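Secondary and tertiary structure notes
Residue-level listing of the chains:
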Amino acid sequence: MGWINILCETYDNVYGTDTANKAQVKLLPRFHTTQNAEIEVTVDMQGNFVDALVVPKEDRITFIPCTDESAGRTSGAAKQPHPLHDKLQFTAGDYETYGGTKGSEAHICYTDKLRLWCESEYTHPYIQAVYTYIQKKHLIADLVAHKILFTDTKGRLLKKWEGKESEKPPIFSVITGEQSEAFVRFAVRAENKIDRIKLWEHKEIEKNYVGYALSTGTEKGLCYATGANTLLTYNHPKKIRHARDSAKLISANDISGFTFRGRFINDTEAMQVGYEVSQKAHNVLKWLIQNQGTFIGDKVFVCWGTYAPAIPDTLAASCVIDEMCTLDTLQEETQKKAGVSLQSAFAAGFNRALHGYRANIRSGEHIAVLCLDAATPGRMSVGFYREINSAEISAFFDSIADWHIRAGWFNSYYDFKKKKTVYFVGAPSLQDIAAAAFDIQHSGNSSESNKRLMASTVQRLLPCVIQKETLPPFDIVQAVYIRSCRPLSYTKAEWQKQCGIACSLIKAYRNKKYKENWTMETDEKSRDVTYNLGRLLAVLDEIEARCLYRAGEKRSTTVMNYFSKFAERPNRTLGIIQKQLMPYRRKLEKMGNDLYTLEKQISSLIPPEELFKASHLDGRFLLGFNAQKHALFTKKNKDTTTDIVSETTQED
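Helix and strand counts for the protein stand at 27 helices and 16 strands. Overall, the protein is about 95 × 60 × 50 Å in size when its C-alpha atoms are taken along their principal axes. In the protein, buried positions account for 53% of the 652 residues. The contacts in the protein between residues at least 6 apart in sequence include a share of 69% that link residues at least 24 apart. In the structure as shown, the protein presents an accessible area of about 30700 Å², 49% of it carried by carbon and sulfur atoms. For the protein, the distance from the average position of its 85 positive side-chain charges to the average position of its 77 negative side-chain charges is 4 Å.

Below, the structure is given as structure tokens:
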């Protein structure tokens, strides 16, 4: 199946179900679109004006019937009205009387379209009541009389409010332009004169309009998406990503350029899509994006199943999928169970969390991952698409687990709701990786170019999560590592996060490429020189950090000052660091015995000739450094000496 087919299948599976009805944003019916209504007009069954109100901002989103022309109309399209609810220039017969400048053609087209619906077998008494009222041509007059709209001394609608702010009428708080641009939706007072029927929520009117829309189609042909001979459409919906989105996924209206010339004679050879197929695919795509899409700049990423179950967010950090992988929770678990490492405790918990998602998948269900991007304001493209059929579902979940476990490391994020930094074990989000690679994380630079760079980087990383054998791109791994070797460019909390992200990527990359199994716990038996140099540097950093804490000083340590130099020339830089640490060793005396012992143990694992040859250390250096820092942080000191790492690494 292609993306259109799987979207249509999703629509058929979920429309009218609790999944669609209870979602934060409801699924649009076929041949309907959304509009932000500013005015609500109520008429009675005889077509008389009853009441009107300004729609509150929280209630403005309205499902309205539309045609394929009106759904894709642009500004100034007077001949493309919506069939029922629309702007004043279409619905008001007295639009020109009150200063309207767009002519009467729009109203004539609107009344003709509403009349045809009323004359069809799919009419409804409530629709006929609205049509009877519209024919009286005094909508704006009624709104002015009921103080919904306001005129100037010449009887023309005010373009903007120039009076006191405290006296500003409600209409000027909801419209974005002039009063004449206000959007009107209709309600009908029932025959009992008590109930008010909201036509935009009426299921029978919705059903009738779907039947009417299908009955008005004239051109039939082969739908390239389904292979069926059905009603076709060449004007496809817009507003896919949000209400003001003008970009279309399917469009070939540029006959003067090279949209299809050179390869096809006309647009029908390039693409023909069924009317109903287009409606289903676009409506469910809008619904999926609004409820579970992730926006990065102009790109939007969405992952879904054909029955719309809860699917793990493929871009998210491990702590989003498994809320129990916080560092405190996992450390408590490892203390209760002797011999259980953080790595194994995290892996077991994460697999349990994924099992809950697996259980929601039905037999025969498909999963799709889609990325949309708009190169221009009017054109949208599919930048990434992967379809996982029912036979591949298990492999899909295995790939997600594989990524998060392979990239599992000590990581953190700032919880804006709780206003604190949360420490967890697992993989960072793809957005955090992209930000760390290109220095967006702490610079606060949210320019359009940075957003595009982040979005394209996330798109490159996405296959690592959903395709098990894909390596993280080396240039991204290297970019994150190099920036992590510059601790003085960050605050302590920022650098801690940067290091966690770098270690996650390095661990996953080296595991895939070199089959190395690095763990979050320090490997005290490892003879790897690069790894042990990182461990040694962590111990040297702790020696000075303890002295600074006891003296009440807050400044960067010698190790932090020489961190990048050590990664380039460890032999030469180690001598400089050792020399500058001599005063701190004398101050610590017996308080540093545990660190001195550990220093000797690690140094014995580094042959002098290997130290002399070492240069431009790779990511194993950072793995060793970070693992040793966390080991010192969690160590229980028998002499109850305050652990300096616990003081320094927890600062935000």
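Having seen the model, we can carry on.
Bringing the pairing of strand β16 (residues 420–426) into the picture now. The buried fraction of β16 is high, at 6 of 7 residues. Bridging between strand β15 (residues 409–415) and β16 involves 7 bridges; their strand directions are antiparallel. Its bridge partner being in β16, Y414 is matched across the sheet by T421. Connecting β15 to the antiparallel partner β16 that follows it, the hairpin turn spans 4 residues, and K419 within it adopts a positive phi of roughly 55°.

Another point: the sheet that holds strand β8 (residues 220–222). In any sheet, the strands associate via hydrogen bonds between backbone groups, in a parallel or an antiparallel arrangement. The strand order β8-β9-β10 describes an open sheet built from 3 strands, whose pairing is antiparallel. For this open sheet the edge positions go to β8 and β10 (273–274), each flanked by a neighbour on one side alone. By the bridge criterion, 3 bridges tie β8 to strand β9 (residues 229–233) in an arrangement that is antiparallel. The partner of L222 across the bridge, within β9, is N229.

Two numbers describe how helix α15 (residues 393–406) lies on helix α17 (residues 448–466): the axes approach to 6 Å, and their chain directions differ by 110°. On the basis of the axis angle, α15 is roughly perpendicular to α17. Judged by residue contacts, F396, S399, I400 and W403 of α15 engage C464, V465 and I466 from α17. Partitioning the contact of α15 with α17 into residue classes produces 6 nonpolar, 1 polar and no charged.

Right, let's get into the packing of aromatic side chains. Within the structure shown, the criterion is met by 19 aromatic pairs. For the ring pair F31 and Y275, a centre distance of 4.7 Å and an interplane angle of 65° mean the geometry is edge-to-face. Residue F31 is located in the loop between α2 (18–21) and β1 (32–36), and its partner Y275 is located in helix α11 (residues 275–292); the two are separated by 244 residues in the primary sequence. Take F31: its relative accessible area is 0%, and that puts it in the buried class. With a centroid separation of 6.2 Å and 15° between ring planes, the pair formed by W117 and Y212 is classed as stacked. Highlighted residues: W117 in helix α5 (residues 105–119) and Y212 in helix α9 (residues 203–215), separated in sequence by 95 residues.

Okay, the layout of surface pockets next. A volume near 940 Å³ is recorded for the second largest pocket. Residue lining of the second largest pocket: 33 residues in total, with S412, Y413, Y414, D415 and V422 positioned closest to the centre. At the level of elements, α12 (318–321), α13 (327–336), β15, β16, α16 (430–437) and α19 (492–514) are the ones that each hand at least two residues to the lining of the second largest pocket. Among the elements that take part in the lining of the second largest pocket, β16 stands out by supplying 5 residues, more than any other. Here the residues of the lining of the second largest pocket sort into 15 nonpolar, 9 polar and 9 charged.

For the rest of this paragraph, the subject is the nonpolar core. Ranked by internal contacts, the top residues of the largest apolar core, which has 106 residues, are I367, F396, W403, L430 and F563. The element that contributes the greatest number of residues to this core is helix α20 (residues 529–551), accounting for 11 residues. Other than its neighbours up to four places away in sequence, F563 contacts S484, C485, P487, W495, L537, F621, L622 and F625. With 48 residues, the next largest nonpolar core counts V54, L84, I148 and I171 among its residues.

A positive phi angle, near 60°, is found at F31, a position not held by glycine. Residue D439 is not a glycine yet carries a positive backbone phi of 60°. Here D439 lies in the loop between α16 and α17.

Looking now at the environment of R483. Note that R483 resides in helix α18 (residues 474–484). Accessibility expressed as a relative area gives 23% for R483, which makes it partly exposed. A C-alpha to C-alpha distance of 12 Å links R483 and A434, two positions 49 residues apart in sequence. Setting aside anything within four residues of it in sequence, one finds R483 in contact with A436, A437, F438, D439, Y490 and Q498. In terms of polar contacts, R483 uses its side chain to reach the backbone carbonyl oxygen of A437, at 2.9 Å.

Moving on: the sheet that holds strand β14 (residues 379–388). The strand order across the open sheet built from 4 strands is β11-β12-β13-β14, with neighbouring strands paired in antiparallel fashion. Single-partner strands in this sheet number two, and they are β11 (294–296) and β14. Each strand of the sheet is rotated relative to its neighbour by a mean of 20°, with strand direction disregarded. Here α15 sits on the sheet and contacts β12 (299–305), β13 (367–376) and β14; the angle it forms with β13, its principal contact strand, is near 70°. Contacting β11, β12, β13 and β14, α17 crosses the sheet at an angle of about 25° to β12.

Once that is clear, we can look at the pattern of salt bridges. Enumeration according to the criterion identifies 33 salt bridges in this entry. For R60, the salt bridge identified is with E38, shortest N-O distance 2.8 Å. One end of the pair, R60, is in the loop between β3 (49–54) and β4 (61–65); the other, E38, is in the loop between β1 and β2 (39–43), with 22 residues separating them in the sequence. Of the two residues examined, R60 and E38, each falls in the buried class. The residue E610 makes a salt bridge to K613 at a minimum N-O spacing of 3.6 Å. Here K613 and E610 lie together in helix α25 (residues 608–613), a separation of 3 residues that amounts to about one turn. Given the relative accessible area of 32%, E610 is considered partly exposed.

Glancing now at the pairing of β2. For β2, a buried count of 5 out of 5 residues is recorded, marking the element as mostly surrounded by other parts of the structure. Every second residue of β2 is oriented toward a common face, with I39, V41 and V43 on one face and E40 and T42 on the other, all of them buried. In this sheet, β3 lies alongside β2 in antiparallel orientation, the contact comprising 5 bridges. Paired with T42 across the two strands is D51, which belongs to β3. Counting the residues in the hairpin turn of β2 and β3 gives 5 residues, including G47, whose phi is positive at 85°. Where β2 lies against strand β6 (residues 183–189), 5 bridges are found, and the strand directions are parallel.

Conventions adopted
Residues numbered from 1 in each chain as written. Predicted model: local features only at pLDDT ≥ 70, side-chain atom pairs only at ≥ 80, totals over all residues. Heavy atoms only, no water. Helix = DSSP H or I, 4+ residues; strand = E, 2+ residues; numbered from the N terminus. Buried < 20%, exposed > 50% of the residue type's maximum accessible area, 1.4 Å probe, protein only. Contact = heavy atoms within 4.5 Å. Areas by Shrake-Rupley, 256 points an atom, 1.4 Å probe, with all protein chains shown as cover. Lys, Arg positive; Asp, Glu negative; His and termini not counted. Charge placed at Lys NZ, Arg CZ, Asp CG, Glu CD. Pairing = 2+ DSSP bridges. Axes fitted to C-alpha atoms, helices over the stretch in contact; angles between N-to-C directions. Parallel < 35°, antiparallel > 145°, perpendicular 65-115°, else oblique. Nonpolar A, V, L, I, M, F, W, Y, C, P; charged D, E, K, R; others polar. Phe/Tyr/Trp six-rings, centres within 6.5 Å; stacked < 30°, edge-to-face > 60°. 1 Å grid on protein atoms, 1.4 Å probe; cavity = no way out; pocket = protein on both sides within 12 Å on 5 of 7 lines; lining within 4 Å. Points joined across faces, edges and corners; volume = space filled by probe spheres on them. Core = buried A, V, L, I, M, F, W, Y, C linked by side-chain atoms within 4.5 Å. Polar contact = N/O pair within 3.5 Å; in protein donor to acceptor, adjacent residues only side chain to side chain. Salt bridge = Lys/Arg side-chain N within 4 Å of Asp/Glu carboxyl O.

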